[in-house]
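Listed here are the chains, written in short residue letters.
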Amino acid sequence: MTTLPSSSFLNLQFRSHLISSKLELRVRSVAIARRNWRGVCLCKLRPGRPVSFRCRSFGSNDNEEEGRIRDQGKAGEDGEELSSERNSSPTSVSSKAPGISSEGPLFSSFQIDSVKLRDLLGPEKVDQSDVKLIKEKLFGYSTFWVTKEEPFGDLGEGILFLGNLRGKREDVFAKLQKQLREVTGDKYNLFMVEEPNSEGPDPRGGPRVSFGLLRKEVSEPGPTTLWQYVISVILFVLTIASCVELGIASQISSLPPEIVKYFTDPNATEPPDMQLLLPFVESALPLAYGVLGVQLFHEVGHFLAAFPKRVKLSIPYFIPNITLGGFGAITQFKSILPDRKTLFDISMAGPLAAGALSFSMFCVGLLLSSSPAGTEDLVQVPSMLFQGSLLLGLISRATLGYTAMHAATVSIHPLVIAGWCGLTTTAFNMLPVGCLDGGRAMQAAFGKRVLAGVMLTTYCLLGFGLGGEMSIPWALYVLICQREFEKPCLNDVTDVGAWRRSALIVALVLVVFTLLPLWDELAEELGVGLVTTF
């Protein structure tokens, strides 16, 4: 949902039958109607001034007229007339009979303020009659005593009830939800959120709570469109291609010299014959399968955690990347989450599954790399690769030994590369930022305020080099696609528990050690790579 900026143009095409059959005016608004009238209106929004509409109609002789109509009344289903001004003479317009008595084509211009325009074009608001009914039937001395009402939602389309809680918050919320369904059916969703700008905690313990009311069609995510399916398929194909490219690049010591020179020498301008890469595609597939399998397993973890909780997820939008094979996938919630525990569990399930698989592949690959039986499957990679991660570099050093690691190149199994890429991608997705898995888990465990502060720290760490060469591309990706907070749960107050918060802290420590690169002095001291060679 987007709002109109303060300086923009809105093209509107009016037809009389659309106004008479589909346009339902619930607030003070403007209606234009004329039998057999067709035209185009331009709307210009100016800060602090009324919104100016300039409309042009086209008749049989393509004549044009100009005028000005101002909002003078209300139009409703009962046929109330809306007064207007055109050349200083009022013209009556009826909602029952959408026509204007004057003959000939009409050119009209009218003005309304930006607030009325937002009400007309924005999301549908909560009915005031329903608000009055809900206050009478739901709230009271035994549940929640309402003292104040405020706008609720991104555009103020809902109502936030502030007051005093009269019982255990979980029990009161369950009772209010049940009564809301009895009174209004499935028309609204009720949210229990922390009271904004609260002066102190609740006397019963924990934060003070408020209750927000939104229409279901406004608060619940929309269905997946055909174009979203098409985009998802295209991104998945591109991710497969990037994984195959990673598998080919891992064989850099065996590639033709002209291929290597073209991709490594910035002065090389003449492209080589790409058919020379075809023999290497087959040998690149095992690594591509491993990297792609980790990303798919990541999404399976999310879906397996969401299924028993009856939470719907969108199709994954995989993000290709030629260095790691992929940046993971963007998966959206397609239903409102019941509580913060559900948000935490679903968010952590994907990284846990992908991390376990990646670490298993990494360890098995290291064992195969040190085994004489698997030497024919090994590939040569620069030892500088292992300086990209403090944790993984130390594990590799402990497994392969000082002699193997303190050299220009290291012979490793392709599973090591697949596991390394999977662990790095998982660590990036666990960073506590926006709608990343780590950001969602942090929001569930500690709330939006804590997440906002941690996000700023994370951006600073990425700017200082956390994540190595991938830190800046990843930060740009997050800023473009994943910077927003996750929407609140129905019960956005109940705590997730101490053990979940502890598990998140441990996971974030592992993330930092995975993404923290080894500086030259420490790498030389630990024997991770031959620093003097590069």
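These numbers were taken from a predicted model, which means no experiment stands behind them.

About the thresholds
Residues numbered from 1 in each chain as written. Predicted model: local features only at pLDDT ≥ 70, side-chain atom pairs only at ≥ 80, totals over all residues. Heavy atoms only, no water. Helix = DSSP H or I, 4+ residues; strand = E, 2+ residues; numbered from the N terminus. Buried < 20%, exposed > 50% of the residue type's maximum accessible area, 1.4 Å probe, protein only. Contact = heavy atoms within 4.5 Å. Areas by Shrake-Rupley, 256 points an atom, 1.4 Å probe, with all protein chains shown as cover. Disulfide = S-S within 2.5 Å. Pairing = 2+ DSSP bridges. Axes fitted to C-alpha atoms, helices over the stretch in contact; angles between N-to-C directions. UniProt positions renumbered as here; feature names shortened; annotations may be inferred. Patch = residues over 30% accessible without salt bridge, like charges linked within 9 Å, V, L, I, M, F, W, Y side chains within 5 Å. Salt bridge = Lys/Arg side-chain N within 4 Å of Asp/Glu carboxyl O. Arc of directions from axis to C-beta. Phe/Tyr/Trp six-rings, centres within 6.5 Å; stacked < 30°, edge-to-face > 60°. Left-handed = near helix turned anticlockwise from the far one by under 90°. Nonpolar A, V, L, I, M, F, W, Y, C, P; charged D, E, K, R; others polar. Parallel < 35°, antiparallel > 145°, perpendicular 65-115°, else oblique.

**Student:** Please set out the overall build of the protein residue by residue, giving values where relevant.
**Tutor:** For the protein, the count of helices and strands is 17 helices and 15 strands. Counting only residues that meet the buried cut, the protein has 46% of its 534 residues in that class. Long-range pairs, those at least 24 residues apart, make up 70% of the contacts in the protein between residues at least 6 apart in sequence. Surface summary for the protein: the accessible area is close to 28000 Å², and the carbon and sulfur share equals 58%.

**Student:** Could you give an account of the state of the cysteines, with specific residues and numbers?
**Tutor:** According to the stated counting rule, one finds zero disulfides in the structure shown. Looking at cysteine 243, it has no disulfide partner, and the nearest cysteine sulfur is the one in cysteine 421, 8.8 Å off. Classification of cysteine 243 as buried rests on a relative accessible area of 1%. Take cysteine 421: its relative accessible area is 7%, and that puts it in the buried class.

**Student:** Can you lay out the pairing of strand β8 (residues 144–152) for me, pointing to particular residues and giving the numbers?
**Tutor:** Of the strand pairs in this sheet, β8 and strand β9 (residues 158–165) are connected by eight bridges, and their pairing is antiparallel. Each bridged residue has a counterpart across the sheet, and for glutamate 149 the counterpart in β9 is phenylalanine 161. Between β8 and β9, which pair antiparallel in sequence order, lie five residues; one of them, glycine 153, sits at a positive phi of approximately 110°.

**Student:** How would you summarise the sheet that holds strand β11 (residues 209–215) if you had to cite specific residues and measurements?
**Tutor:** Strand order in the open sheet formed by four strands is β8-β9-β11-β10, with antiparallel pairing between adjacent strands. Across the chains shown, the open sheet's two edge strands, defined by having one partner strand only, are β8 and β10 (188–194). Strand after strand, the sheet turns through a mean of 25° between neighbouring axes, direction not considered. Sheet topology places β9 next to β11; three bridges connect them, and they run antiparallel. Bridging from a neighbouring strand, leucine 160 pairs with glycine 212 of β11. With respect to the sheet, helix α3 (residues 128–137) is in contact with β8, β9, β10 and β11, its orientation differing from that of β9 by roughly 15°.

**Student:** Explain the pairing of strand β12 (residues 317–321) to me, using residue names and the numbers behind them.
**Tutor:** With four of five residues buried, β12 is to be regarded as a mostly interior element. Relative to strand β13 (residues 325–330), β12 runs antiparallel, the two being bridged by four bridges. Bridging across to β13, tyrosine 317 finds its partner in isoleucine 330.

**Student:** Got a sec to walk through the UniProt feature "transmembrane region" (unreviewed entry) in the protein? Specific residues and values, please.
**Tutor:** What UniProt calls "transmembrane region" (unreviewed entry) maps, in this numbering, to residues 317–337, 349–369, 381–400, 412–431, 451–480 and 501–519. Taken as a whole, residues 317–337 contains 0% helix and 52% strand, while its terminal C-alpha atoms sit 21 Å from one another. For residues 349–369, the helix share is 100%, the strand share is 0%, and the end-to-end C-alpha distance is 30 Å.

**Student:** Can you tell me about a nonpolar patch on the surface, naming the residues and giving the values?
**Tutor:** The grouping of Leu226, Trp227, Tyr229, Val230, Ile234 and Leu238 at the surface amounts to a nonpolar patch, some 670 Å² of accessible area in total. Looking at where leucine 226 falls in the secondary structure, it is placed in helix α6 (residues 226–249). Assessed through its relative accessible area of 66%, leucine 226 is described here as exposed.

**Student:** Go over α3, please, and point to the residues and values.
**Tutor:** All buried positions along α3 are accounted for by Asp130, Val131 and Ile134. With its buried residues spanning 105° around the axis, α3 presents them on a single face. Away from its buried face, by an angle of more than 90 degrees, α3 presents the exposed residues Gln128, Ser129, Lys132 and Glu136. Buried residues along α3 sit in contact with β8, β9, α4 (169–184), β10 and β11.

**Student:** Summarise the packing of aromatic side chains; cite the residues concerned and give the values.
**Tutor:** Inspection of the entire model under this criterion finds 13 aromatic pairs. Note on phenylalanine 386 and tryptophan 420: the rings are 5.6 Å apart at their centroids and 85° apart in plane angle, and the pair reads as edge-to-face. Residue phenylalanine 386 is found in the loop between β14 (379–382) and α10 (390–400), and its partner tryptophan 420 is found in helix α12 (residues 414–429); the two are separated by 34 residues along the sequence. Classification of tryptophan 420 by relative accessible area gives buried; the value is 8%. Taken together, the aromatic side chains of Phe139, Phe144, Phe161, Phe173 and Phe211 make up a single cluster linked through ring pairs.

**Student:** Can you tell me about the packing of helix α13 (residues 437–446) against helix α16 (residues 498–515), naming the residues and giving the values?
**Tutor:** Axis angle and axis distance: for two packed helices, these are the angle between their axes and the distance between the axes, and together they describe the pair. Look at α13 against α16: their axes get within 10 Å of each other, and the N-to-C directions meet at 145°. At the point where α13 passes α16, the crossing takes the left-handed sense. Judged by residue contacts, Ala441, Met442, Ala445 and Phe446 of α13 engage Arg501, Leu504, Ile505 and Leu508 from α16. In terms of residue class, the contact of α13 with α16 is built from seven nonpolar, no polar and one charged.

**Student:** If you had to explain the packing of α6 against helix α8 (residues 278–306) to someone new, which residues and values would you point to?
**Tutor:** Axis separation between α6 and α8 bottoms out at 7 Å; the angle between their running directions is 125°. The angle between α6 and α8 places the two elements in the oblique class. The way α6 lies across α8 gives a crossing that is right-handed. On α8, the residues that touch Phe236, Thr239, Ile240, Cys243, Val244, Leu246, Gly247 and Ile248 of α6 are Phe280, Val281, Ala284, Leu285, Leu287, Ala288, Val291, Leu292, Gln295 and Leu296.

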